[in-house]
Amino acid sequence: MRLKLTLQKTGSQSTLPINYAYPLSSWIYKVIGKADETYADFLHNSGYSVGQKRFKFFTFSALQIPRFDIRKGSDRIAVLSDEVGLMVSFYTDKAAENFVMGLFAEQEFRLGDRVSQVDFRVKQVESLAWQIPSETVHLRTLSPLVVSRKNDRRHDDYFSPLQEGYQELLFTNLLDKYIASGQSLQASWTDAPMEFRLLSAAPKARLVTLKDHSPEATKIKGYLFDFELTAPRELLEIGLLGGFGRYNAEGFGCCEVK
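Residues numbered from 1 in each chain as written. Predicted model: local features only at pLDDT ≥ 70, side-chain atom pairs only at ≥ 80, totals over all residues. Heavy atoms only, no water.

Focus: helix 4 (residues 166–180)
Here's step 1: Compared with the 21 Å implied by 1.5 Å per residue over 15 residues, the 21 Å span of helix 4 between its first and last C-alpha is a close match.
Here's step 2: Every buried residue of helix 4 is listed here: Tyr166, Leu169, Leu170, Phe171, Asn173, Leu174, Asp176, Lys177, Tyr178 and Ala180.
Here's step 3: Gly182 lies just past helix 4 and shows a positive phi near 95°. (Helix = DSSP H or I, 4+ residues; strand = E, 2+ residues; numbered from the N terminus. Expected span 1.5 Å × (residues − 1). Buried < 20%, exposed > 50% of the residue type's maximum accessible area, 1.4 Å probe, protein only.)

Quick look at the packing of helix 4 against helix 5 (residues 233–242)
Here's step 1: Packing of helix 4 against helix 5 brings their axes to within 9 Å, and their N-to-C directions diverge by 90°. Relative to helix 5, the element helix 4 is oriented roughly perpendicular. Where helix 4 abuts helix 5, its residues Leu174, Leu175, Lys177 and Tyr178 lie against Glu234, Leu235, Ile238 and Gly239.
Here's step 2: For the contact of helix 4 with helix 5, a count of residues per class yields 5 nonpolar, 1 polar and 2 charged. (Axes fitted to C-alpha atoms, helices over the stretch in contact; angles between N-to-C directions. Parallel < 35°, antiparallel > 145°, perpendicular 65-115°, else oblique. Contact = heavy atoms within 4.5 Å. Nonpolar A, V, L, I, M, F, W, Y, C, P; charged D, E, K, R; others polar.)

Quick notes on the packing of aromatic side chains
Here's step 1: A full pass over the atoms with the stated rule returns 15 aromatic pairs.
Here's step 2: Arranged with centres 6.4 Å apart and planes meeting at 75°, the rings of Tyr166 and Phe225 form a pair that is edge-to-face. Within this pair, whereas Tyr166 is found in helix 4, its partner Phe225 is found in the loop between strand 16 (218–224) and strand 17 (226–230), the two being separated by 59 residues in sequence. Considered together, Tyr166 and Phe225 belong to a single accessibility category, that of buried residues. (Phe/Tyr/Trp six-rings, centres within 6.5 Å; stacked < 30°, edge-to-face > 60°.)

Interpretation in functional terms is not warranted from these geometric data alone.
Structure follows, in structure tokens:
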């Protein structure tokens with residue numbers, strides 16, 4: 001399920017922190033929690049797991065702001081347009097689509113941090129049609145895609161899509177998500193072609209801080225680019241709807257089919 005939210009500014013404030021992903025994720029959890037507190041708590045604190053890896057099976061795009069301004073050296077973004085767009089995507093039962101759409105309709109919330117905030121109202125919720133036309137698809141990132149591996153110090157080493165090993169880590173993540181969803185890997189996939197092909201000449205690195213201006217602040221590095229994936233449709237589906245790579249519920253790895 002993929003939803004497009006149209007957010008309308010309702011207050012006089014127009015400045016957001018550049019690192020708005022974490023408060024935006026927190027708002028999505030709150031929306032879900034209003035309908036099902038137990039499920040929201042499950043997503044936030046545990047999620048679906050395989051081994052030590054946990055997944056939430058939802059993701060969201062960067063805010064789509066038609067007019068904005070970022071002053072050089074500033075960590076703030078001035079929202080100059082009255083409306084902004086947001087894509088929210090869930091890997092869930094299709095029967096839940098209308099229910100989830102209703103959760104977001106007419107919601108009012110304040111987005112930001114202790115320094116600056118903007119008040120929004122969800123003006124419109126649209127269900128977006130999506131399809132995976134074949135086992136090879138052209139994808140574009142709508143938020144930075146994160147691929148990483150723990151090093152000996154248990155810290156993340158972040159991979160560029162230009163680095164060796166990127167493809168293996170990306171597909172391992174998809175396979176882990178599929179298993180965590182409660183499904184079994186199909187025997188035919190052993191010989192199925194799985195290939196990542198970078199289509200952008202120069203992927204754009206993005207360093208995002210979660211819980212900015214707090215003792216728990218964490219910097220995460222992802223990349224924006226176009227790419228082509230060849231894989232079984234079931235794996236492409238879980239990536240498209242639940243997010244590719246890591247930290248999806250924090251606003252990373254949201255993609256669209258081109």
